[in-house]
Amino acid sequence: MAKNQTHTDPFAIKDCALISIATGKRAQNPRELTNLLATIDSDSIYYHFWGGRLRPRFDDPEYHNDFAIWARHGLHDKILSERLSLIDPTEFPNLDDLRNEIIEIIEERLEEVEFPPNSTYDNQFEFIRSQMVIFDTQQKVSEPAEFVDVIPRLSVGSIFYHFIDAQRRNENHLDDFQNWIKDLGEKYLPLCSELNEIDPYFLTLVDLRRRLSEVFESFFSAKRIGLRK
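Just so you know, these numbers come straight off a predicted model, no measurement behind them.

A.B. asks: Describe unusual backbone geometry, with residues and values.
C.D. replies: Positive phi outside glycine occurs at H76, with the angle close to 55 degrees. Within the fold, H76 resides in the loop between α3 (66-73) and α4 (78-85). Looking at H76, the relative accessible area reads 60%, which means it is exposed.

Here's what the structure looks like:
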């Protein structure tokens, strides 16, 4: 949300899409991957961790990022793929720290194997970067309680933009919902706390939308409102 937004401004709902852009950089083995990771644009790292949320995926859902998927299906290194899949990008303050974690895990694995694996030529890892296109839905929310009815009807693009991408856009690393609600009064602090507990990385966007809906509906239920009076 805009930094100069006042408390009386409505919450403007946006939608988004990610446009995939080829970088022309490919890796056929883990060493080539780490060399490219050291200098690749951070937007590419973001795409390979989060971009799958907004594009159709037919890969093994057990692996949560493109690096882990390639390690499993391109390199056939299950140990490396499992280690990469355990990385939660929300635990890192910035993409450079995330980059370093990926490199460290791969280099650690290279020290364990005598003969590092190679992918076939037609199954190399291709670095992709993304450009976000943002749409104004013309829909606005005036009161936090309105989210009870609004969130279940939001597109997955809106969920991605306001909850996932917001944490990268906003200086305080909070989602847009918290940023709009947190200064509206102490009675909303428990709601912000519940939103802050949601880790979106291991959820699909549909599951994330359902979880957000549950949090808002629970908070604004008649019983809980009565407790706050």
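There is more to say, and it comes next.
A.B. asks: Account for the environment of Y63, naming residues and giving values.
C.D. replies: As for its position among the elements, Y63 is in the loop between α2 (42-50) and α3. The class for Y63 is buried, based on a relative accessible area of 3%. Spatially, the C-alpha atom of Y63 lies 5.2 Å from that of S85, the residues being 22 residues apart in sequence. At a separation of 3.4 Å, a polar atom in the side chain of Y63 contacts the side chain of R72.

A.B. asks: Before we move on, could you go through the packing of α3 against α4 and cite the residues and values that matter?
C.D. replies: The interhelical angle for the contact between α3 and α4, taken along N-to-C directions, is 170 degrees, at an axis separation of 7 Å. Compared by their axis directions, α3 and α4 come out roughly antiparallel. Between α3, through F67, A68, A71 and R72, and α4, the contact on the second element is made entirely by K78, L80, S81, L84 and S85. Class assignment of the residues belonging to the contact of α3 with α4 gives a composition of five nonpolar, two polar and two charged.

A.B. asks: Can you tell me about the packing of aromatic side chains, naming the residues and giving the values?
C.D. replies: Scanning the model with the defined rule gives 18 aromatic pairs in all. Where F49 meets F67, the ring centres are 5.8 Å apart and the plane angle is 50 degrees; that geometry is what we call tilted. Here F49, found in helix α2, pairs with F67, found in helix α3; they are 18 residues apart in sequence, far enough to count as distant. F67 matches F49 in its accessibility class, with the two residues each being buried. Summarising the aromatic geometry, the rings of F177 and F216 are spaced 6.1 Å apart at their centres and angled 70 degrees between planes, so their arrangement reads as edge-to-face.

Cut-offs applied
Numbering of residues begins from 1 in every chain and follows the order in which that chain's sequence is written. Under the rules for a predicted model, residues below a pLDDT of 70 receive no local features and side-chain atom pairs below 80 are neither given nor counted, while totals for whole chains, interfaces and linings still include all residues. Water and hydrogen atoms were dropped before computing side-chain values, which therefore reflect all heavy atoms in the structure. A helix here means a DSSP run of H or I that spans at least four residues, while a strand means a run of E at least two residues long, and both kinds are numbered starting from the N terminus. Only protein chains enter the accessibility calculation, which uses a 1.4 Å probe; a residue is then buried when its area is under 20% of its type maximum, exposed when over 50%, and partly exposed in between. Whenever a nitrogen or oxygen atom comes within 3.5 Å of another N or O atom, the pair is scored as a polar contact, on the condition that within protein one atom can donate a hydrogen and the other can accept it, and that pairs from neighbouring residues in sequence are kept only if both atoms are in side chains. Note on geometry: axes are C-alpha line fits, over the in-contact stretch for helices, and angles between N-to-C directions span 0 to 180 degrees. For classification purposes, angles smaller than 35 degrees are called roughly parallel, those larger than 145 roughly antiparallel, those between 65 and 115 roughly perpendicular, and all remaining angles oblique. Working rule for contacts: check all heavy atoms of both residues, and any pair within 4.5 Å makes them a contact. Side-chain classes are defined by residue name, with Ala, Val, Leu, Ile, Met, Phe, Trp, Tyr, Cys and Pro counting as nonpolar, Asp, Glu, Lys and Arg as charged, and the others, Gly among them, as polar. Each Phe, Tyr or Trp ring (for Trp, its six-membered ring) is paired with any other whose centre lies within 6.5 Å, and the angle between the two planes then decides the class: stacked below 30 degrees, edge-to-face above 60, tilted in between.

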